[in-house]
Amino acid sequence: MAEVLNVWIGNLGKYTEGKLEGEWVSLPCSKEELEQVYEKIGITEKDGETFLADFDIPSEVSYLKEYCTEYANISDLNMIAGLIEEYHPDPD
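As a starting point, this report considers the structure included with it. Worth saying up front: this structure is predicted, and the values here are computed from it rather than measured. (Residues numbered from 1 in each chain as written. Predicted model: local features only at pLDDT ≥ 70, side-chain atom pairs only at ≥ 80, totals over all residues. Heavy atoms only, no water.)

**Considering the overall build of the protein**
Looking only at helices and strands, the protein features three helices and three strands. Starting at the N terminus and walking to the C terminus, you meet the elements of the protein as β-α-β-α-β-α. In summary, the protein has a C-alpha radius of gyration of 13 Å against a globular reference of 12 Å for 92 residues, a match within 12%. Each of the three principal axes of the protein carries a C-alpha extent, and together these read 45 × 25 × 20 Å. Taken across its 92 residues, the protein has 33% of its residues classed as buried. For the protein, the accessible area works out to roughly 6200 Å², and carbon and sulfur atoms hold 48% of it. Side-chain charges in the protein split into 6 positive and 21 negative, and the spacing between the mean points of these groups amounts to 11 Å. (Helix = DSSP H or I, 4+ residues; strand = E, 2+ residues; numbered from the N terminus. Rg over C-alpha atoms; globule rule 2.2 N^0.38 Å. Buried < 20%, exposed > 50% of the residue type's maximum accessible area, 1.4 Å probe, protein only. Areas by Shrake-Rupley, 256 points an atom, 1.4 Å probe, with all protein chains shown as cover. Lys, Arg positive; Asp, Glu negative; His and termini not counted. Charge placed at Lys NZ, Arg CZ, Asp CG, Glu CD.)

Here it is, written out as structure tokens:
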């Protein structure tokens, strides 16, 4: 898959404890890839809060800036990125 945007996902529980645990993710990505990132940064059902601390949004999709907020739903952003990729394929 070609990336539409990049998002830094952080573990909010660890952040409130003073630890910065997070990972950059290229969207769209598969559910399995997202689950691997969650596992890597310590997101579990018990400690499952995330926050989005940074975004790399190409100018071609700059309209996404208003949707890319700290508490945006990563699944929704992933779905939007998938739709953009499907309906606006890379010209290469």
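**A look at the environment of Lys65**
The topology assignment puts Lys65 in the loop between strand E3 (50–56) and helix H3 (74–87). For Lys65, a relative accessible area of 52% gives the class exposed. Put simply, Lys65 and Phe55 are 10 residues apart on the chain and 8.5 Å apart in space, counted from C-alpha to C-alpha.

**Description of the pattern of salt bridges**
Under the criterion given, the structure shown has two salt bridges. One salt bridge connects Lys19 with Glu17, and the closest N-O pair in it is separated by 4.0 Å. Relative accessible area serves as the criterion here: at 43%, Lys19 is assigned to the partly exposed category. Residue Glu17 is classed as exposed on the basis of its relative accessible area, which comes to 54%. (Salt bridge = Lys/Arg side-chain N within 4 Å of Asp/Glu carboxyl O.)

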